[in-house]
Amino acid sequence: MSDIGIPTQIDPSLIAGGNTAQRNQQPKNAAEIRAIAEDFEAFFAGLVFDEITAEMEPDPLTGGGQAEGMFRSLLNQEYGKSVARTGSLGIADIVQRQLLQLQETQ
């Protein structure tokens with residue numbers, strides 16, 4: 001474990017409900033794993049942006065409403081994708097490294 005409590009290894013028994021025999025055993029190539037890792041980082045960053053903007057007051061020009069909330073959610077998803085493309089958080093690198101390591105041990 002690191003100093004802040006983030007595990008440095010992923011326990012394979014925690015993935016797919018702990019049943020590793022039922023998972024697809026075919027190895028993935030590096031490009032597919034990178035895409036999966038970037039999708040995870042984009043999802044995480046989108047959730048962070050959702051939390052940041054959750055308490056924002058509606059813009060007086062548009063008046064708020066349900067449509068503005070939906071648009072804000074979609075905008076936050078796109079912000080997350082942008083962050084993942086640039087690798088700003090570095091989460092994709094960590095996830096990719098862990099997925100490759102798990103694939104090698106199987």
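Given the structure is predicted, the values throughout are model-derived calculations rather than measurements.

Asks: Which residues make up the packing of helix α1 (residues 30-53) against helix α3 (residues 91-105), and what are the values?
Replies: Following both chains from N to C, one finds α1 and α3 inclined at 135 degrees, their axes separated by 8 Å at the closest point. By the angle between their directions, the pair α1 and α3 is classed as oblique. The way α1 lies across α3 gives a crossing that is right-handed. Mapping the contact onto sequence places A30, I33, R34, I36, A37, E38, F40, E41 and F44 in α1 and I91, A92, D93, V95, Q96, L99, L100 and Q103 in α3. Broken down by class, the residue content of the contact of α1 with α3 amounts to 11 nonpolar, 2 polar and 4 charged.

Asks: Tell me about the pattern of salt bridges, and name the residues and values.
Replies: Throughout the structure, instances matching the rule amount to 4 salt bridges. Residues E68 and R72 are paired through a salt bridge, measuring 3.4 Å at the closest nitrogen-oxygen approach. Of the two residues, E68 and R72 are both situated in helix α2 (residues 66-86); the distance of 4 residues between them amounts to about one turn of the helix.

Asks: So, α1: which residues are in play, and what are the values?
Replies: Helix length check: α1, at 24 residues, gives a terminal C-alpha distance of 34 Å against a target of 34 Å (1.5 Å per residue), a fit within 8%. Residues of α1 that are buried in the fold lie against α2 and α3. Of the residues flanking the start of α1, the one acting as N-cap is N29, its side-chain oxygen 3.2 Å from the backbone nitrogen of A31.

Asks: An account of the side chain of T53 is needed here, citing residue identities and associated values.
Replies: Assignment of secondary structure puts T53 in helix α1. Since its relative accessible area comes to 12%, T53 is described here as buried. Only 3.0 Å separates the side chain of T53 from the side chain of N76, close enough to count as a polar contact. Apart from the residues lying within four places of it in its own chain, the contact partners of T53 are R72 and N76.

Asks: Can you lay out a nonpolar patch on the surface for me, pointing to particular residues and giving the numbers?
Replies: Taken together, the side chains of F40, F44, V48, I52 and L89 define a hydrophobic patch exposed on the protein surface, amounting to about 450 Å² of accessible area. By relative accessible area, which is 46% here, L89 ends up partly exposed.

What counts and how
Residues numbered from 1 in each chain as written. Predicted model: local features only at pLDDT ≥ 70, side-chain atom pairs only at ≥ 80, totals over all residues. Heavy atoms only, no water. Axes fitted to C-alpha atoms, helices over the stretch in contact; angles between N-to-C directions. Helix = DSSP H or I, 4+ residues; strand = E, 2+ residues; numbered from the N terminus. Parallel < 35°, antiparallel > 145°, perpendicular 65-115°, else oblique. Left-handed = near helix turned anticlockwise from the far one by under 90°. Contact = heavy atoms within 4.5 Å. Nonpolar A, V, L, I, M, F, W, Y, C, P; charged D, E, K, R; others polar. Salt bridge = Lys/Arg side-chain N within 4 Å of Asp/Glu carboxyl O. Expected span 1.5 Å × (residues − 1). Polar contact = N/O pair within 3.5 Å; in protein donor to acceptor, adjacent residues only side chain to side chain. Buried < 20%, exposed > 50% of the residue type's maximum accessible area, 1.4 Å probe, protein only. Patch = residues over 30% accessible without salt bridge, like charges linked within 9 Å, V, L, I, M, F, W, Y side chains within 5 Å. Areas by Shrake-Rupley, 256 points an atom, 1.4 Å probe, with all protein chains shown as cover.

Note that every value here comes from positions in space, so none of it alone points to a role or purpose.
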